[in-house]
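Read off the chains here:
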Amino acid sequence: MALFGKKRTAAARESVDRTRLPQHVAVILDGNGRWARRRGLPRTAGHVAGAENFRTIATLCKNMGIKNFTVFAFSTENWKRPTEEVAAIMKLLVQYLQESIEKMEKDHIRLHFWGDLTPLSDELKALCATTDRISEGYDGMNVNVCLNYGGRDEIMYAARAFAQECLDAGRVPDKMEPAMLERHLYSAGVPDPDLIIRPSGEERISNFLLWQSAYAEYYFTDVMWPDFDEEELLRAFVAYQQRARRFGGIDETEKDG
Ligand code: FPP
């Protein structure tokens, strides 16, 4: 990195208030394909760079003390992509999990998977089960990898589970409270995301954390995910810290009288 770039990153570090960081950061990994195409590379090279960058950004978040980091790695709709591309993404996930299992003891990272894992390969399912099991004893940053995940599916599964609970226990559905549904979401027990980052210039939710994002702050940037570096992350945190989060209420200063 040029000296100028290093100075800029150092300045960006200074501009973030470490006492007001988001507790839960979520990212839609987007722009891998375009990043590769612009370099005359196959799309899969973009996913390799994207997976590598995920490790870098997750480590930065961990070192800054972020408690929860959630990433949209593969959606319920991503199966529509060419077979070779899906296979390449699955291979990267296998590699990532194999490496993570080796490193988890040192980092104390808790790795969880949100999504319907049924259609994944036996190898990937076994790795997910192993990381889930190892994670139980750790108390470090929570990393949630959304795999074959769709927000609508998640809410539907939770509604079904709740309906079944009502049938089994003779409960009345109109006594339902949000917390009763939340218990059946993949995210049960994890605070809602404070900040959702979407790189690559797209400004859509794309079926990501539909329930949990009710009061999330969104940060969009034109930078492609493999180029989303520390400076970009700090810029997202500064933008987040400049937002007034009211959760449907109003600021004290805005009150009448
Ligand atoms: C979106 O970019 C990216 C994906 C659909 C796959 C992302 C998954 C990985 C990088 C695999 C490894 C993940 C982890 C967490 C280790 P895109 O292909 O839609 O980009 P484009 O919009 O430019 O085409």
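Residues numbered from 1 in each chain as written. Predicted model: local features only at pLDDT ≥ 70, side-chain atom pairs only at ≥ 80, totals over all residues. Heavy atoms only, no water.

Enquirer: Go over the overall build of the chain, please, and point to the residues and values.
Expert: Of the regular secondary structure elements, the chain holds eight helices and six strands. For the chain, whose C-alpha radius of gyration is 20 Å, the value lies close to the compact-globule estimate of 18 Å for 257 residues. In terms of its C-alpha atoms, the chain occupies a principal-axis envelope of roughly 65 × 65 × 35 Å. Burial analysis of the chain (257 residues in total) assigns 44% to the buried set. Considering only contacts within the chain whose residues lie at least 6 apart along the sequence, 76% involve residues at least 24 apart. By element, 52% of the accessible surface of the chain is carried by carbon and sulfur atoms, the whole surface being about 13900 Å². (Helix = DSSP H or I, 4+ residues; strand = E, 2+ residues; numbered from the N terminus. Rg over C-alpha atoms; globule rule 2.2 N^0.38 Å. Buried < 20%, exposed > 50% of the residue type's maximum accessible area, 1.4 Å probe, protein only. Contact = heavy atoms within 4.5 Å. Areas by Shrake-Rupley, 256 points an atom, 1.4 Å probe, with all protein chains shown as cover.)

Enquirer: Outline the pairing of strand β6 (residues 217-220), listing residues and values.
Expert: Burial of β6 is one-sided: the residues Glu-217 and Tyr-219 facing one way are buried, the residues Tyr-218 and Phe-220 facing the other way are not. Sheet analysis places strand β5 (residues 195-198) next to β6, joined by four bridges and oriented parallel. Directly across from Leu-195, in β6, lies its bridge partner Glu-217. (Pairing = 2+ DSSP bridges.)

Enquirer: Describe the site of the ligand, with residues and values.
Expert: Surveying the vicinity of the ligand reveals 16 residues, the closest of which are Leu-29, Gly-33, Arg-34, Arg-43 and Arg-81. Within the contact set of the ligand, an oxygen atom lies 3.3 Å away from a backbone nitrogen or oxygen of Gly-31. Gly-33 places a main-chain nitrogen or oxygen 3.1 Å from an oxygen atom of the ligand. For the ligand, the protein covers 93% of the area, taking 620 Å² as the surface of the free molecule. Looking at the shell around the ligand, the elements that each hand over two or more residues are α2 (32-37), α3 (43-64) and α4 (83-107). Looking at the shell around the ligand residue by residue, the classes come out as seven nonpolar, five polar and four charged. (Near = heavy atom within 4 Å. Polar contact = N/O pair within 3.5 Å; in protein donor to acceptor, adjacent residues only side chain to side chain. Nonpolar A, V, L, I, M, F, W, Y, C, P; charged D, E, K, R; others polar.)

Enquirer: Which residues make up the pattern of salt bridges, and what values go with them?
Expert: Going through the model one piece at a time under the given rule, you end up with 18 salt bridges. A salt bridge links Asp-227 to Arg-39; the nearest nitrogen and oxygen atoms lie 3.6 Å apart. Of this pair, Asp-227 sits in the loop between β6 and α8 (230-242) while Arg-39 sits in the loop between α2 and α3; the two residues are 188 residues apart in sequence, bridging distant segments of the chain. Classification of Arg-39 as partly exposed rests on a relative accessible area of 42%. Between Arg-81 and Glu-85 there is a salt bridge, with its nearest N and O atoms 2.8 Å apart. (Salt bridge = Lys/Arg side-chain N within 4 Å of Asp/Glu carboxyl O.)

Enquirer: With reference to specific residues and values, describe the sheet that holds strand β4 (residues 142-149).
Expert: Ordered in space as β3-β4-β2-β1-β5-β6, the six strands form an open sheet in which the pairing is parallel. Where the open sheet ends on each side, the last strands, each with one partner, are β3 (110-114) and β6. The mean angle between the axes of side-by-side strands here comes to 20°, regardless of whether they run parallel or antiparallel. By the bridge criterion, seven bridges tie strand β2 (residues 68-75) to β4 in an arrangement that is parallel. Bridged to Phe-74 within β4 is Leu-147. Sheet contacts for α3: β2 and β4; angle to β2, the most-contacted strand, approximately 160°. This element, α4, spans β2, β3 and β4 of the sheet and lies at about 150° to β3. (Axes fitted to C-alpha atoms, helices over the stretch in contact; angles between N-to-C directions.)

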